[in-house]
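Fold and contact review
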Amino acid sequence: MTPQPPIPDTDDQEPEDRPTQEQYQLKLPQSELSRLGTRVLTDYRSALADHNRRIQRFRELYRRWRAMTDTPNQGEETASNFPVPFVRWNIFTKWAKEIDALFGDDAEIVAVPVGPSDYRKDKKIGRYMTWRVFNSMKLLGPICEFVLRKLVFGRSVAYSPWKRETYEVKGEEVVDYEGPGFEPLWPDDIIVPAEDVRSIHEFSFAIRRYRVTPDQLLRGEEEGRYQNIKKNWHTIVNLALHGQQRDFEGEDIKLEKDNAEGVLYQRPLSSGEWVMVLEWYGRWRPLKKGVGKSGGGSAKDAGEYDFDKREMKQRDFVVRYLYDLNMVIGVQDLETLYPHMRQRRPFVESSMLKAGEYWSPGMAEMLLDIEDELRANHNQTTEAAQLSITPTVMYRPASGFNPETFRMEPGMAIPVDDPSRDVKELKITANIEAATWKEQVMLGYGEKLTGLSDMQLGRQSDRPNAPRTATQTVKLLEEGNVRISLDTKVLQEDMRFVLEHFWELEYEFSPDETFFRVTEEDADGLFPVNSGGSILSYQERDGRYDFRLQFANSVWSKEVKKQQALARYQLDLQNPLIAQNPRALWQVTRDAHDALGDPNFAELVPEPPAPDLPVDPREEWNRLLQGEDIHVNPMDNDQLHLQRHMQDLKKAEADTQCDPDAIQKLVAHYRQHILQLQQKKINQAIVEQAVNAVAGIAGGQLAFPHGLFGGSRPVKKGDALPTGLQGNPAQTGPAVFSQHPEIQHEE
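Residues numbered from 1 in each chain as written. Predicted model: local features only at pLDDT ≥ 70, side-chain atom pairs only at ≥ 80, totals over all residues. Heavy atoms only, no water.

Looking at the overall build of the protein chain
When its secondary structure is counted, the protein chain shows 23 helices and 16 strands. In the protein chain, which comprises 747 residues, the proportion classed as buried is 41%. In the form shown here, the protein chain has an accessible surface area of approximately 42400 Å², with 51% of it arising from carbon and sulfur atoms. (Helix = DSSP H or I, 4+ residues; strand = E, 2+ residues; numbered from the N terminus. Buried < 20%, exposed > 50% of the residue type's maximum accessible area, 1.4 Å probe, protein only. Areas by Shrake-Rupley, 256 points an atom, 1.4 Å probe, with all protein chains shown as cover.)

Below is the structure:
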């Protein structure tokens, strides 16, 4: 069975009030709940005040992403105010590239084993995680939100607990999904203190703000997330009837989103029943054992820093708090909820840059100044063009000319007293070349900053120094990819931590056996597949793995690989080492077909059998660690293999984490080499004596100089051959080895 969290042993509750396996709520005294509620409220308001400047900056970044413009000043309503979408198109390009790398056709998750015994299961674990992330979790939509908020704000945080979604069919519960959850959070929804850290798990506390319905609170109490919901049901429902979707403080970014959507969520007339919950993850000193019970002192006067009644060390708790009712509706110990996890707060995150700062800059912040300059340049150019098209006219007030009704039309005639003196036209010529030059310079600055050129956008370059040949284009693209690869590597590292978090949740909460979809081709014979799927058991999950997300190749990369594969294939056909080796020729031919988009070559042309060649002893030990079987080869240098295997065996026995199965197989393989070496010596001796015997017969006597039959005296014709003497290989059975291989090696 999957290990279940132990029942928490709280210090201030009677044995009959302790939670069961299904209920992990800590039953604390009311005075302790009040202190926790005060702590949550204080931390919440203090963090909002400390981060108000950051939230206002994020609000402006979101406005730029939505290309929202300010209301024009009085008298400037008709002036040009076009928002050049420089920030938007760069974010769109970056967004598309990262999502394509994450969810491309050939993207997969690779499990990297940490322990020696985990090599035999890494392929199956990798296939399971690939199915879980790309199919079971339906992660495309949430990941799009997660990556977009990272690009806009510089950092993105997602709430990732173990989730179980169900629905009812004819009164019976049906499980729709059970596995790791992934819910991207708005910057407004995660509140942290003003502390200089690099991870959300290092903050002294972190608060997640969310809204739920009373029905969800009631169901959560049944599942063990909340407490005292039925007890305060009428109060909660009355609050939910008048609840609001936005708070007046701390939700500035969402208010800007509401303005962009054109829907006011703050006090809607059509909203249902909602209440706001603050979920506080922080450190708290629990009461000592016996406090609050008879003879243990009262818990009412046990202040937060009263070490006579509280433990000295803090512990990690999660406290759920109804903000509008000032009521604690849940207290749980994180060590109880996640006993085997290293990071117990259910959050994952990603940042745009790794520069030693938590709030790193995003794409929008890096491009704001350039967009402002492009916007000003564009609007000035528009006004200049308008001036050059619409002439400026100077007139005498008494001439009868009315400027309010003056509009330029073909064949239009305006009566005046004296046209030569009453009306004068000023011709203004707009210099568009300077504006074009400035726009090109600003775009060039943006390309240098982001690495996203016109060719990275998939369009023809309009720079004056645009490449003229294909070779120049390839070189520029490769240099641009160097800059983009920095962001890709950062994303890959962040996704590694996300995948490790998913795996820890799987180990903690998955059932004994989990079915997952996998084809026989993907399994590649490494684990059994039945009816299009396989089973991952708890024993197979019991291992340590690092995870690496193998990004999908872009279309450009695939084309380059095709050309390289064809060039390599032509060289291999001319190489006699490959052309005369059927197995090597089959391998390079299959690689060429794979590069050209034909993965079925192995099904049409089976792989030829491998030649029976000796294997390096170091390679044999590596194969044993990976769970493969090895065999002795008649062409092996047994003495060399015995020496190398003895070194590997001593190192393996000194390593407490080495795979015992691999050690046992190495011992058996060592003994096979000794038997083979003994048999080789016997065969060599027989051949030598046979040659000597033939030579002796030809000379008139039969000689055995090495005492093959136990004696050194020459045997003449007519003498009986001795039997049963020492050293006769015909009457000596094979040696039986029972001692340690090290003793055999010395012998």
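Quick word on the sheet that holds strand β5 (residues 183-185)
Pairing is antiparallel across the open sheet formed by 3 strands, whose spatial order is β5-β2-β11. On the outer flanks of this sheet lie β5 and β11 (347-351), each paired with one strand and no other. Adjacent strand axes in the sheet meet at a mean angle of 30° when their direction is disregarded. Strand direction decides the pairing type here: strand β2 (residues 155-159) and β5, joined by 3 bridges, are antiparallel. The residue of β5 that forms the bridge with Ala 158 is Pro 184. Packing against the sheet, helix α5 (residues 140-153) makes contact with β2, β5 and β11, and its axis sits at approximately 150° to β2. (Pairing = 2+ DSSP bridges. Axes fitted to C-alpha atoms, helices over the stretch in contact; angles between N-to-C directions. Contact = heavy atoms within 4.5 Å.)

Focus on the nonpolar core
By size, the foremost hydrophobic cluster in this structure holds 60 residues, and its most contacted members are Ile 91, Leu 102, Ile 143, Phe 182, Phe 502 and Phe 547. Residues in contact with Ile 91, not counting those within four places in the same chain, are Trp 65, Leu 148, Leu 151, Val 152, Met 363 and Ala 364. (Core = buried A, V, L, I, M, F, W, Y, C linked by side-chain atoms within 4.5 Å.)

Looking at the packing of helix α10 (residues 363-389) against helix α12 (residues 432-450)
Look at α10 against α12: their axes get within 10 Å of each other, and the N-to-C directions meet at 170°. As far as their axial angle goes, α12 and α10 are roughly antiparallel. Side by side, α10 and α12 meet where Met 363, Met 366, Leu 367, Ile 370, Glu 373, Leu 374, Asn 377 and Thr 381 of the first sit next to Ile 432, Ala 435, Lys 438, Glu 439, Met 442, Leu 443, Tyr 445, Gly 446, Leu 449 and Thr 450 of the second. For the contact of α10 with α12, a count of residues per class yields 11 nonpolar, 4 polar and 3 charged. (Parallel < 35°, antiparallel > 145°, perpendicular 65-115°, else oblique. Nonpolar A, V, L, I, M, F, W, Y, C, P; charged D, E, K, R; others polar.)

As for the environment of Val 112
Inspection of the secondary structure puts Val 112 in strand β1 (residues 108-113). Residue classification places Val 112 among the partly exposed positions, given a relative accessible area of 34%. The spatial distance from the C-alpha of Val 112 to the C-alpha of Asp 546 is 4.9 Å, given a sequence separation of 434 residues. Setting aside anything within four residues of it in sequence, one finds Val 112 in contact with Arg 544, Tyr 545 and Asp 546.

Some words on the packing of helix α2 (residues 52-65) against helix α8 (residues 252-261)
At a minimum axis distance of 8 Å, the contact between α2 and α8 shows a crossing angle of 25°. By the angle between their axes, α2 is roughly parallel relative to α8. The crossing of α2 and α8 is right-handed. Residues Ile 55, Gln 56, Phe 58, Arg 59, Tyr 62 and Arg 63 of α2 lie in contact with α8, whose contacting residues are Asp 252, Ile 253, Glu 256 and Lys 257. Split by residue class, the contact of α2 with α8 holds 4 nonpolar, 1 polar and 5 charged. (Left-handed = near helix turned anticlockwise from the far one by under 90°.)

Focus: helix α21 (residues 638-654)
In this model, α21 (17 residues) spans 24 Å end to end at C-alpha, consistent with the 24 Å of a helix rising 1.5 Å per residue. Among the residues of α21, those classed as buried are Asp 638, His 641, Leu 642, His 645, Met 646, Asp 648, Leu 649 and Ala 652. (Expected span 1.5 Å × (residues − 1).)

Here we look at the packing of aromatic side chains
Any aromatic ring pair is given by two values, namely how distant the centres are and how the planes are angled relative to each other. Within the structure shown, the criterion is met by 25 aromatic pairs. With 6.2 Å between their ring centres and 80° between their planes, Phe 182 and Phe 502 make a pair best called edge-to-face. With a gap of 320 residues between them, Phe 182 in the loop between β4 (172-180) and β5 and Phe 502 in helix α13 (residues 470-509) connect regions that are remote in the sequence. Of the two residues, Phe 182 and Phe 502, neither departs from the other in class, the shared state being buried. Taken together, the aromatic side chains of Phe 58, Phe 153, Phe 203, Tyr 358 and Trp 359 make up a single cluster linked through ring pairs. The ring of Phe 497 carries Arg 496 above its face, with NZ or CZ at 4.4 Å from the centroid. (Phe/Tyr/Trp six-rings, centres within 6.5 Å; stacked < 30°, edge-to-face > 60°. Lys NZ or Arg CZ within 6 Å of the ring centre and 35° of its normal.)

Looking at the pairing of strand β10 (residues 327-333)
In terms of burial, β10 is largely enclosed, as 7 of its 7 residues are buried. Between strand β9 (residues 315-322) and the antiparallel strand that follows it, β10, lie 4 residues; Asn 326 among them carries a positive phi value of about 50°.

Brief notes about the pattern of salt bridges
Once their charged atoms are close, side chains differing in charge can pair, the charge on each being opposite to the other. This model, assessed by the stated rule, comprises 41 salt bridges. Between Asp 629 and Lys 665 there is a salt bridge whose closest N-O contact spans 3.1 Å. Within this pair, whereas Asp 629 is found in the loop between α20 (617-625) and α21, its partner Lys 665 is found in helix α22 (residues 660-699), the two being separated by 36 residues in sequence. Overall, the relative accessible area of 55% leaves Asp 629 in the exposed class. Salt bridges sharing common partners tie together Arg 59, Glu 60, Arg 63, Arg 64, Asp 252, Glu 256, Glu 371, Asp 372 and Arg 375. (Salt bridge = Lys/Arg side-chain N within 4 Å of Asp/Glu carboxyl O.)

Things to note about the sheet that holds β9
Pairing in this open sheet of 5 strands is antiparallel, and the strands run β6-β7-β8-β9-β10 from one edge to the other. In this open sheet, the two edge strands, each paired with only one partner strand, are β6 (190-191) and β10. Relative to β9, strand β8 (residues 275-284) is paired through 8 bridges, and the arrangement is antiparallel. Bridge pairing in β9 places Val 277 opposite Leu 322.

Here we look at the confidence of the model for the protein chain
When pLDDT is averaged across the protein chain, the result is 79; 78% of the residues are at 70 or more. Counting contacts from residues 704-712, a segment whose pLDDT is below 50, to residues more than four positions away or on other chains yields 17 contacts. A low-confidence stretch, residues 720-736 stays under pLDDT 50, and its non-local contacts, those more than four residues away or across chains, total 16 contacts. (pLDDT = per-residue confidence, 0-100.)

A few points about a nonpolar patch on the surface
Judged by side-chain polarity, Tyr 305, Phe 307 and Met 312 come together as a nonpolar surface patch covering roughly 400 Å² of accessible area. Within the secondary structure layout, Met 312 lies in the loop between β8 and β9. Judged by its relative accessible area of 68%, Met 312 falls in the exposed class. (Patch = residues over 30% accessible without salt bridge, like charges linked within 9 Å, V, L, I, M, F, W, Y side chains within 5 Å.)

Here we look at helix α7 (residues 233-241)
Among the residues of α7, those classed as buried are Ile 236, Val 237, Leu 239 and Ala 240. Looking straight down α7, one finds its buried side chains confined to an arc of 160°; they lie on one side. Looking at the packing, one finds that the buried side of α7 touches α6 (214-223), β8 and β9. (Arc of directions from axis to C-beta.)

Remarks on unusual backbone geometry
Positive phi, close to 55°, is recorded for Ala 67, a residue that is not glycine. Relative to the helices and strands, Ala 67 resides in the loop between α2 and α3 (86-103). At Lys 138, a residue that is not glycine, the phi angle is positive and equals roughly 50°. Along the chain, Lys 138 turns up in the loop between α4 (122-136) and α5.

Some words on the side chain of Asp 252
When you line up the elements, Asp 252 lands in helix α8. Note on Asp 252: relative accessible area 16%, which makes it buried. In terms of polar contacts, Asp 252 uses its side chain to reach the side chain of Gln 56, at 3.1 Å. The contacts of Asp 252, once residues within four sequence positions are left out, are Ile 55, Gln 56, Arg 59 and Asp 188. (Polar contact = N/O pair within 3.5 Å; in protein donor to acceptor, adjacent residues only side chain to side chain.)

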